[in-house]
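Secondary and tertiary structure notes
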Amino acid sequence: KINTNGFLAVEEPMAESEYLGKMPASFGMIAAFLGDLDNSDEVGKVYYRQDSIPYVLQQTEGHISQAFPDDNKLESIHAIIVTWENLAAHGTPGEGQDRERNTFQLVVASTESASYAIMFYPSEGLQYVSTIVEGQRESVQAGFSQGLIRGWFSWTSTQGTYYRITTEDEASIRRLSEGTNSGRHGVWVYEIGTSPAFTSINPGQVTGPTLEEDVDGGPMETGTVFPLINTGGQQRIVFPEYKPEEEEETSEPDLHPTVHPVQYRPNYPFVSEPAQPRYPEPIHPQPPLYQPQTPQVVILDEDDDLNVDVFAYKSETCASNRQKCSSFADCEDYTNGYCCHCRPGFYGNGKDCVAEGKPQRMNGKVNGSVFVGNSPSPLEFSSNDLHSYVVANDGRAYVAISTIPAGLGPSLQPLSSLGGVIGWAFALEQPGYENGFSIVGGKFTRKADVTFLPGNERLTIEQKFKGIDEHDHLVVSTQLEGRLPEVSPGSTVQIESYKELYQYGINSITSFSNRDYTVTLPDGSVQTKTYQWRQIITYQSCPHDQSIKTMQPTQQLSVDQIFVMYDSGNQLIRYAMSNKIGSIHSGPPEQNPCFTGRHGCDTNAACRPGDGIQFTCVCATGFSGDGRQCYEIPEICGSHAICNNQLGTFRCECVDGFQFSSDGKTCVELSQPINHCQRGTDNCDIPERALCSYTGASSFICSCLPGFVGDGYNCQDIDECEQSRCHRDAVCYNSQGSFTCQCLPNFHGNGFHCAPEREKTQCERDREIIQASYNTPSFPVSFFRPRPATGQYVPTCDHHGAYEPTQCHDSIRQCWCVDSNGQEIPNTRTGPGQRPLCKVVPPPIGPTPRPDVSPVAPGTHLLFSQSGKIEHIPLDGYSLKKQEAKALLHLPDRVVVAVAYDCLEKMVYWTEITGPSISRANLEGGDTNSLQDTGSPEGLAVDHLARLMFWTDSMKNSIEVAKLDGSQRRVLFDTDLVNPRPVVADPSYGRLYWADWNREGPKIEMSNMDGTDRTVLVKDDLALPNGLTYDSESQQLCWADAGTRKVECMDPNSRNRREIVEGIQYPFAIVAHGRNLYYTDWRREAVVAVDRTMARETDEFLPQKRSRVYGISITTTQCPQAYNYCLNNGGCSHLCLPRHGGFTCRCPDVMDGTCVDRNF
């Protein structure tokens, strides 16, 4: 918006009292000559125009090239020209021609890679350099103000950069007409990036005058685009003579096209203005009905006649070109040609259309050569695979490039935008805005230039997008050339959230931004670096489609939750980010879940916003369901066939192992090896006693299940009772494949550990005395529990034997609070039908908590992690007390993955991969302690009996063990592991369970805690077993699989397996508590409760700050009754590692010479 006070605002300007004399302003602006200026006397005028006429663009290119002689020649796309003519300072004496006046000009030019501001001032000097503001004389200012910077999800703001060209010194202002940075007096050129961010202001490099030549080679009359002359002490612009368009079209070919500015006309109330020609001669506006008290603002509209087409459709009809449209589009004829339009339920440019709400994949190859650091030899890309996946209904994008050598991979981490173009293409759209694919479709080219600072390394990225293939994948080829600054191996890179502005022209889109990133070196030191990013996207639009002209000229891409990682083990570079496209103006963020992405719709569903925060989920075309869960609609091809969608048709293909019969339609099976295990045609013993394992071809092997012995074809039960597995004060009962232990009378425990009955508490004794005194003697006590007489008060005790804080007497219908001794607390007794709020506050335990550690009240809680913190949710039975959920521990800039709990010392343990490390803190308050520095710790388990912790490392592909204080570290397994993640412990049996989500062969394994008896428990019907938990009460091992989208459980002894729920979205971790399972879900960004007995989801908790939820654990009021052989460290000098039926003394990997391994 153009303001008469000498500036161009890039957002809604404030009242002049908010910025005159109070710079920097709260809004973004380019100030050419900022002051309290006056155009109300019919002499001062403001003109503006947006233009793409070649002559004007040639002039601007000349000024830019002259100011930046070392840069490659750039071609302007369009220019905005604003001229302030003969403006006086407000309040200065004189009338009409007698007042001091200044004329100056601003040109904002856009090229393929950046934008530039060119300021022109009269060579004969400025007539005034200050104005009166609130009674004080204030110097005029020139410069660039970034305004207030507001976070996407925050109401707070900070003052952005103010790049000031002038100072308060009068000489610096007069230097505007006398000096230069472009080689010509009075002409100042600045590279400004992309407004309104103004992230990088680079002044011209030529500070002295050059030869007096025109920038396009001809004689130069003046520095402005429109010539300035002096008439009677005034500075005037000489406008070319207006000619109708017909005359311009017949002009001599050697004449330059002319530029005709549009007269500025203030919008005075109640004054109608006659229609004017498109290019009028300069005229004076009619006097206003009243003198305006604030400067007028002009909205700069797009000129209807701008024509910067690079491509053009041929004037053809749909009759002969219908096949060029997508099969999901309609063809529409126009006067001069045809256009394709996607049908409802699809989006794109008509040539390529995809279903709304459906995830999108991108595949392609990467080629080129890149130098790293100061290396004289490049590293080559040779058809490296690039794969990307976008969850279109919430804007999350994932990109991976394979076969990246270790010498290059770490240095590629800062380039998240290498694949981020698909994030822009399928960004989550805010109201009134469109993502890239909606505008350009699937065929476009993208060229990006990256300059790293301070070393000035440069990299060029060229990508050609070739449309949607028959598999519904977007196809891209990528070429990389240039040099990258070196990032040391083992370093991690963190990229902060950023916003990038895209400027949309016809058939071209440009953007420019600065990106900051942080490199954490292996020694822990941190470096903050920057690179400049310029890109242009070119595509072919349909000029007949009028909707193109209503497209927002500037849109802002907001990118957050950025994750980058180089996986050296698999030679993969991975990028992930969330993308939204919307307005450049700051304001309250959209609250409707469809626009935040936090809606819980299925990944194959579109979110339809309603009023307020209401919305509905609708399955994408080709899927059916309620929107929360969508299922693919069966294709019309026959059995053993798949349907591949084509442009306007489809093709059936037989699946692997089948081929078309002679009819060309039916798929018949090929002669191939038979998996007898899967078919059930093996001759192993029955599944309850033996396991059939397919070994390839038509072969298999048979093996007996645990608890049985034999050759696999004949298996016999093992009588575990003969092996003295139970406690000496217990009875052993053998069963097929298993056994049970039961404590003797007057002992309690689980059979593996039995102890005499504990002494009754005071509450239990009081209750027993009252009940016994009113026992009816005619009935044996062994059959009926004693009952008190009617009207007798009986104290209630909790499961620990302590007095319940609230005591009630049903006969008199009164309740009251008691202390820990059972004594009534005065003034707490209530009347009939009411219960007092009684709470026993435990004495403080441990040190005073830090400000970022919030103690947790006694009771059962769920602990779960998000990026940067650990939260807890209290449980009421199995119900989530959502209103009482809050953060337990804040860990800024950390990605907390796994969470575990030690019930004995009430410690919470966690792993985080940004450090990476394993740490702990007391649940009741205190400092956090880092225990281990590891490669990439993900899963974590605690044995509260043996005082051990176990963890998986996805970088080292290992499972390790250490004491709970981090000492005595030892590797248990480092072979046959690809992507180990969850690990859980069963202290009672000395067992360890873990899952490996290796995509080529996912599995769940089991071993003893000392590393012996390693066994694969599950390997069939697995995909991505992310979450794993063990319930010691039911002896069930349960897991959540993000690939099969199921939660399942099994008995590790009998191997009986059952499905709990299916159709879940993307589970990450899971924990068991009683009859319930609780799992975290990445896509829903929620904690979900599942009732195992009813086999359905019962509840979910959505954190206040929506982001991915990772690990989950549970705290209990007391430890479960259990026993293993490593209580009190089992007499070992170093590590005591339990196993089923015994224990092993093991030495840590770093020994002190005094340790000896022993088995017991």
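Along each chain, numbering runs from 1 in the same order as the chain's sequence is written. Given that this is a predicted model, residues contribute local features only at a pLDDT of at least 70 and side-chain atom pairs are listed and counted only at 80 or more, while totals for whole chains, interfaces and linings are drawn from all residues. With hydrogens and water excluded, all non-hydrogen atoms of the structure serve as input to the side-chain values.

In the annotation of an unreviewed UniProt entry, the entry for the chain reads Nidogen 1b, and the organism field reads Esox lucius. One UniProt comment on the chain, placed under Subcellular location (unreviewed entry), says "Secreted, Extracellular space, Extracellular matrix, Basement membrane". UniProt positions are given in the numbering used here, feature names are shortened, and annotations may be inferred rather than shown by experiment.

**A few points about the sheet that holds strand β80 (residues 1142–1146)**
Here, any two strands with at least 2 DSSP bridges between them count as paired. The numbering of helices and of strands both runs from the N terminus, where a helix is a DSSP run of H or I of at least 4 residues and a strand a run of E of at least 2. The three strands are arranged β79-β80-β81 in an open sheet whose pairing can be described as antiparallel. The strands lining the two open edges of the sheet, one partner per strand, are β79 (1135–1139) and β81 (1158–1159). Where β79 and β80 come together, five bridges link them in antiparallel fashion. Across the sheet, the residue bridging to L1137 is T1144, located in β80.

**What to know about the sheet that holds strand β71 (residues 1036–1041)**
One open sheet holds the four strands; their spatial order is β70-β71-β72-β73, and the pairing between them is antiparallel. Of all strands in the sheet, those bounded by a partner on one side alone are β70 (1025–1031) and β73 (1057–1062). Neighbour-to-neighbour, the strand axes of the sheet open up by a mean angle of 20 degrees, direction not taken into account. Relative to strand β72 (residues 1046–1050), β71 runs antiparallel, the two being bridged by five bridges. Residue pairing in the sheet places D1041 in a bridge with K1046 of β72. Interaxial angle, 0 to 180 degrees, is taken between N-to-C directions of lines fitted to C-alpha atoms, where a helix line uses only the stretch in contact.

**As for the state of the cysteines**
Criterion for a disulfide: a pair of cysteine sulfur atoms at a distance within 2.5 Å. According to the stated counting rule, one finds 20 disulfides in the structure shown. Through a disulfide, C684 is tied to C702; the S-S separation comes to 1.8 Å. On the sign convention where negative is left-handed, the bridge of C684 and C702, at about -75 degrees about the S-S bond, is left-handed. Taken as a pair, C684 in the loop between α9 (676–679) and β46 (690–696) and C702 in strand β47 (residues 699–704) lie far apart in primary sequence, 18 residues in all. Assigned by exposure class, C684 and C702 land together as buried. Each sulfur of the disulfide joining C1126 and C1136 lies 1.9 Å from the other. Measuring the twist about the S-S bond at about -80 degrees, one finds the C1126-C1136 disulfide to be left-handed. Highlighted residues: C1126 in the loop between β78 (1109–1115) and β79 and C1136 in strand β79, separated in sequence by 10 residues. Only protein chains enter the accessibility calculation, which uses a 1.4 Å probe; a residue is then buried when its area is under 20% of its type maximum, exposed when over 50%, and partly exposed in between.

**Re the nonpolar core**
Membership of the largest hydrophobic core comes to 63 residues, with the highest contact counts inside it found for L412, L415, W424, F426 and Y575. In this structure, Y575 is in contact with A397, Y398, V399, L412, Q413, L415, S416, L418, F563 and V564, ignoring residues within four places of it in sequence. Residues F33, V46, L106 and Y128 belong to the second largest nonpolar core, which totals 33 residues. In this text, buried Ala, Val, Leu, Ile, Met, Phe, Trp, Tyr and Cys residues form a nonpolar core when linked through side-chain atoms within 4.5 Å. Two residues form a contact once any of their heavy atoms are found within 4.5 Å.

**A closer look at a nonpolar patch on the surface**
A surface patch of nonpolar side chains, about 230 Å² in accessible area, is lined by V731, Y733 and L744. Structurally, the position occupied by L744 is in the loop between β51 (738–743) and β52 (747–749). A residue is classified by how much of its surface remains accessible, and L744, at 31% relative accessible area, is partly exposed. Only residues whose relative accessible area exceeds 30% and that take part in no salt bridge are eligible for patches, with like-charged residues grouped when within 9 Å of each other and nonpolar side chains (Val, Leu, Ile, Met, Phe, Trp, Tyr) grouped when within 5 Å. With residues, only the protein chains shown are counted as cover, and all accessible areas are computed by Shrake-Rupley using a 1.4 Å probe. For salt bridges, the criterion is a side-chain nitrogen of Lys or Arg within 4 Å of an Asp or Glu carboxyl oxygen.

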